Amino acid sequence: MGFVLPTIEAYQVQHLPIVKAYADKIGVVEVINQLVPTEMGIDPGTIVLGMILDTLSGRSPLYRLEEFFAHQDTALLLGQAIAPDVFNDDTVGRVLERLYNVGTMKIFTACAVRADQAYGLDKQYVHFDTTSMSVYGDYLPPEGSPDQQAPAVPFTITHGYSKDKRPDLKQFVFSTLCVDRAVPLWGKPEDGNASDKTVNNTLLSTIATFLGQHGVAPGAYIYVADAALVTEDNLAALGDTLFITRLPATDNECGRLIAEAVAHNTWEAVGVLAHTKPTKHRPATAYKVSEGEVRLYGTTYRAVVVHSSAQDKRRQQRLARDIQTAASTLHTTVRTAAQQEYFCRADAAAAAAQLRAVPTPYHLLDVTVEERPVYGRGRPSAHTPRPVKALRYRLKTTIRPHTERISRMEEEAGCFVLLTNVPTAGDMAHSAREILTVYKEQHGTEQNYGFLKDPVIVNSLFLKKPERIEALGLVLLLALLLWRLMERQMRAHVERTGRPLTGWDKKPTERPTAFMMMTKCAGVLVCKVGPQRQLARPLSAVQQQYLVALGVSATCFTLPTG
C-alpha cells in the first residue's frame, strides 16, 4: 500500500486573523447569536462576521461573498469550517432581514457596550456628524393594496443635498456618534433629504438616555457637532447639555466677532496642534485664539475666534476674485472718466470729487485735475511763446491697492468662530485652547465617512430594500468599530511606551493607522497540512511589532478559535 501525502493548502490570510481576534474580544458573534433568533443551518453571528471580514479585506460586502470564502481558511477566520456556498445571496439576505427585525441599533449598542467594557473608551467628548450615501436605481416607494396603506419603511431613499457631488443619484443620509479616537457608538440611516439640523434635533432628545446605557451621567460629556447644530430649536433642545460647535459663517454675529478680534489684535497663541510632522508640501498649521461672547436667541454663549495660519483656501480664493473683479471694474470707470474733457475747472473738480466717492473696498484712488491748453492755429514763433487760446481740463487717476484693508480682510478670511457653553471654571472647565483641540477631533468622525464610502471598502450600495440597506449599515458600523478599535489600541501603545511603530517608507510614526497595519500584513501566508497550520515564512520584525501594539498573539494566524 503506497504512502499517501496529506493535503497541503495555502491561504493568504493577510490581516484578517487580527480582525477576527478583535471581533472575539468584543463578542460580535456571541452578541448577535443571543439577540437574533433563527432556525437556519448557519448562525447569523458567523454570517455577519464573514461579511465584516469581506468588508475589511478590500472587497464589497455581499458582492461575490461566496467566491471570497472559496479562497479562505474558514475554520481559522470564522471559528468553524464552513462550505463557501453557505454565503449565498439568499442566506445573506435572510440574515439581513432578521437583523433589521430585531433592531440594528439594539444589536450595535450591545456590541458597542462590550467594546467599551473591553477597552475602557473615553466618553467625555461625543462627536456627531452625517454624510450622504448614494445608491443606483429607482428605489420606488412600496405600494399597498387599494384598501390598505403602503407598508412603512425605515427611511426614504430619495434625492437630497449630495455630499458626494452626485445630485443625479438618489441617496440616504448616514449619521454617527463617535467617542475616543473616532470609535463609533451609534449610527443610523436617515431619509435622503433629511437635514443635518433636523437629525441633530432628533438625536438630542435621546442622547442622554443612550449615553446612560454606557454609564455616562448627564453633564459628564460634551456634545461636539458642526455648524448645523446652531438653530433656535437645537440650542433649546440642548438644554443644560454642554456642547462645542462652529458658528455658521453666514451668521452676522460671526462676521462681527471676527472683525472685532482682528481689530483688537489680542490673540492668545495656541501653536501647532497636529500630531504628524510637517512636510515641504504640507507645512504645520499654527493657531491663535481670541475669546468673546455672543447672544443668540436670548442666551449668551462663549465665542472663541480662531485664526489659522493655513487659512481657509476657499475664502482666500473668493477674496482674491473679489479684488480682481473690483480692480477690473474700477479701471473701466477710470478710463471712461479720463476721456471726458471739461471746459472749466469747477466742473472738473466736481467730477474729480464724484470719482473719489466711488465705493472702492479694496483700492485707493488719487484723482487730480490736469490743465490742457488749447493753442491757436499757425506755426509757432521761435522767439515768442505760443498764445493759449483756451484751457481744457481732464482727470488723472492713480489706483493703489488698499494694503492695510486687504491685509485685515485676508486675516479675517483665515478665521472661524467656535460656539460653546462649556464653563471656564469647575470640573468641566475648558480653556479656549482646549475647546479648539476638542473641536479639531471632529475630523476623525469625518474620516469615518471616508472609510464607509471608500470604494476599496464598499462599492455603491445595490440592495433594493431599505430594510436590507439598514442591516448592511449595521455590518459597516461593526467593521468600522473594529477598525477604529485596532487603530486606537496601536496609538495608545505608542503613547504608553513611547516607542513609535514603523510607518510609511520605513519611517517611524507615532500615529499608526489600521490601514498601515493592513499593508504590513499583506504578505502573511498560512500553510495548512491536514489539521495543522504554520506560517509559510516567519513574521517580520515589523509585523511582530504591530502585533505587540495590537495586543494580539501570533498564534491568531495558526490556531483557530471559536
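Everything discussed here concerns the structure shown above.
Sequence order as written defines the numbering, with residues in each chain counted from 1. At least 70 in pLDDT is required for a residue's local features to be given in this predicted model, at least 80 for side-chain atom pairs to be given and counted, and no such filter applies to totals for whole chains, interfaces and linings, which use all residues. The side-chain figures draw on all heavy atoms in the structure; neither hydrogens nor water molecules are used.

(A) Seen up close, the sheet that holds strand E2 (residues 125–135). Any two strands are treated as partners once DSSP identifies two or more bridges connecting them. Each helix corresponds to a stretch of at least 4 residues labelled H or I by DSSP, and each strand to a stretch of at least 2 residues labelled E; elements are numbered beginning at the N terminus. Ordered in space as E4-E3-E2-E5-E6-E12-E9-E8-E7, the 9 strands form an open sheet in which the pairing is mixed. Whereas interior strands pair on both sides, the edge strands pair on one side only; in this sheet they are strand E4 (183–190) and strand E7 (268–272). On average, adjacent strands in this sheet sit at an angle of 25° to one another, irrespective of strand direction. Pairing between E2 and strand E5 (residues 222–224): 3 bridges, direction parallel. Residue pairing for E5: Tyr-125 is matched across the bridge by Ile-222. Contacts: residue pairs with any heavy atoms within 4.5 Å of one another. Where helices are involved, their axes are fitted lines through C-alpha atoms of the stretch in contact, as for all axes, and angles between N-to-C directions lie from 0 to 180°. Its contacts with the sheet put helix H11 (residues 252–264) on strand E8 (286–296), strand E9 (299–308) and strand E12 (415–420), and the angle it makes with E8 is roughly 130°.

(B) Structural detail: helix H3 (residues 44–55). What a helix should span is 1.5 Å times the count of its residues minus one. Here H3 spans 16 Å end to end across 12 residues, near enough to the 16 Å set by a 1.5 Å rise per residue. Throughout this description, buried means an accessible area under 20% of the type-specific maximum (1.4 Å probe, protein chains only), exposed means over 50%, and partly exposed covers the range between. Here H3 lies mainly inside the structure; 12 of its 12 residues are buried. Within H3, burial applies to Pro-44, Gly-45, Thr-46, Ile-47, Val-48, Leu-49, Gly-50, Met-51, Ile-52, Leu-53, Asp-54 and Thr-55. Its buried side turned inward, H3 meets helix H1 (16–25), helix H2 (28–35), helix H4 (65–69), helix H5 (74–78), helix H6 (89–102) and helix H17 (466–497).

(C) Here's a closer look at the pairing of E8. One ladder, built from 4 bridges, connects E7 with E8; its direction is antiparallel. Each bridged residue has a counterpart across the sheet, and for Val-272 the counterpart in E8 is Ala-286. Joining the antiparallel neighbours E8 and E9 is a turn of 2 residues, in which Tyr-297 adopts a positive phi near 50°.

(D) Representation of the side chain of Asp-180 in the model. Looking at where Asp-180 falls in the secondary structure, it is placed in the loop between strand E3 (170–179) and E4. Here a polar contact is recorded for every N or O atom pair within 3.5 Å, except that within protein the pair must consist of a potential hydrogen donor and a potential acceptor, and residues adjacent in sequence are included only if both atoms are side-chain atoms. A distance of 2.8 Å separates the side chain of Asp-180 from the side chain of Arg-488, its partner in a polar contact. When near neighbours in sequence (up to four residues on either side) are disregarded, Asp-180 contacts Gly-120, Leu-121, Asp-122 and Arg-488.

(E) Just helix H7 (residues 104–119), in detail. With 16 residues, H7 should reach 22 Å at 1.5 Å per residue; the first-to-last C-alpha distance of 22 Å fits that figure. Contacts from the buried residues of H7 go to H1, H2, H6, E4, helix H9 (207–212) and H17. With its phi angle positive at about 60°, Gly-120 sits one or two positions after the end of H7.

(F) Local environment of the pairing of E4. Within E4, 7 of the 8 residues are buried, which leaves the element mostly enclosed by the surrounding structure. The pairing of E3 with E4 spans 7 bridges and is antiparallel. Each residue of the ladder has a partner; that of Ser-175, found in E4, is Lys-188.

(G) The arrangement of the nonpolar core in detail. The definition of a nonpolar core used throughout is a set of buried Ala, Val, Leu, Ile, Met, Phe, Trp, Tyr and Cys residues joined through side-chain atoms within 4.5 Å. The biggest cluster of nonpolar side chains holds 115 residues, and the ones touching the most others in it are Ile-18, Ile-52, Leu-99 and Tyr-223. Residues within four places of Ile-18 in sequence aside, it is in contact with Met-486, Met-517, Cys-521, Leu-547, Leu-550, Val-552, Cys-556 and Phe-557. Among the nonpolar cores identified, the runner-up in size contains 19 residues, and Ile-244, Val-270, Phe-416 and Tyr-439 belong to it.

(H) Geometry of the pattern of salt bridges. The salt bridge definition used is simple: a Lys or Arg side-chain nitrogen within 4 Å of an Asp or Glu carboxyl oxygen. Scanning all chains against the criterion turns up 18 salt bridges. One network of salt bridges, with partners in common, ties together Glu-253, Arg-256 and Glu-260.

(I) Representation of a negative patch on the surface within the structure. Taken together, the side chains of Glu-66, Glu-67, Asp-85, Asp-89 and Asp-90 present a region of like negative charge at the surface. When residues of the negative patch are traced back to their parent elements, those giving at least two are H4 and H6. Relative to the helices and strands, Glu-67 is located in helix H4. Overall, Glu-67 belongs to the partly exposed group, its relative accessible area being 46%. Residues with no salt bridge and a relative accessible area higher than 30% make up the patches, which join like charges within 9 Å and nonpolar side chains (Val, Leu, Ile, Met, Phe, Trp, Tyr) within 5 Å. The Shrake-Rupley method, run with a 1.4 Å probe, gives the accessible areas here. Residue values count only the displayed protein chains as cover. When charges are counted, Lys and Arg are positive and Asp and Glu negative, with His and the chain ends excluded. For this purpose, a charge sits on NZ of Lys, CZ of Arg, CG of Asp or CD of Glu.

(J) Local environment of the sheet that holds strand E16 (residues 532–535). The strand order across the open sheet formed by 3 strands is E1-E15-E16, and the pairing between neighbours is antiparallel. The strands lining the two open edges of the sheet, one partner per strand, are strand E1 (8–11) and E16. Neighbour-to-neighbour, the strand axes of the sheet open up by a mean angle of 25°, direction not taken into account. Pairing geometry for E1 and strand E15 (residues 526–529), over 4 bridges, is antiparallel. Each bridged residue has a counterpart across the sheet, and for Ala-10 the counterpart in E15 is Cys-527.

(K) Structural view of the packing of aromatic side chains. Two rings from Phe, Tyr or Trp (for Trp, the six-membered ring) form a pair when their centres are within 6.5 Å of each other. A pair whose planes differ by under 30 degrees is stacked, one over 60 is edge-to-face, and the rest are tilted. By the definition in use, this model includes 6 aromatic pairs. Between the aromatic rings of Tyr-22 and Tyr-119, the centroid separation amounts to 5.8 Å while the plane-to-plane angle is 5°, which identifies the pairing as stacked. Taken together, the residues Tyr-22 in helix H1 and Tyr-119 in helix H7 connect sequence positions 97 residues apart. According to the relative accessible area criterion, Tyr-22 is buried, its value standing at 2%. On the basis of relative accessibility, which here comes to 12%, the residue Tyr-119 falls in the buried class. Considering the side-chain rings of Phe-128 and Tyr-223, the 6.2 Å spacing of their centres and the 25° angle between planes classify their relative orientation as stacked. One end of the pair, Phe-128, is in strand E2; the other, Tyr-223, is in strand E5, and 95 residues separate them in sequence. For Phe-128, a relative accessible area of 2% translates into the label buried. Within the aromatic cluster, the residues linked to one another by ring pairs are Phe-68, Phe-69 and Phe-87.

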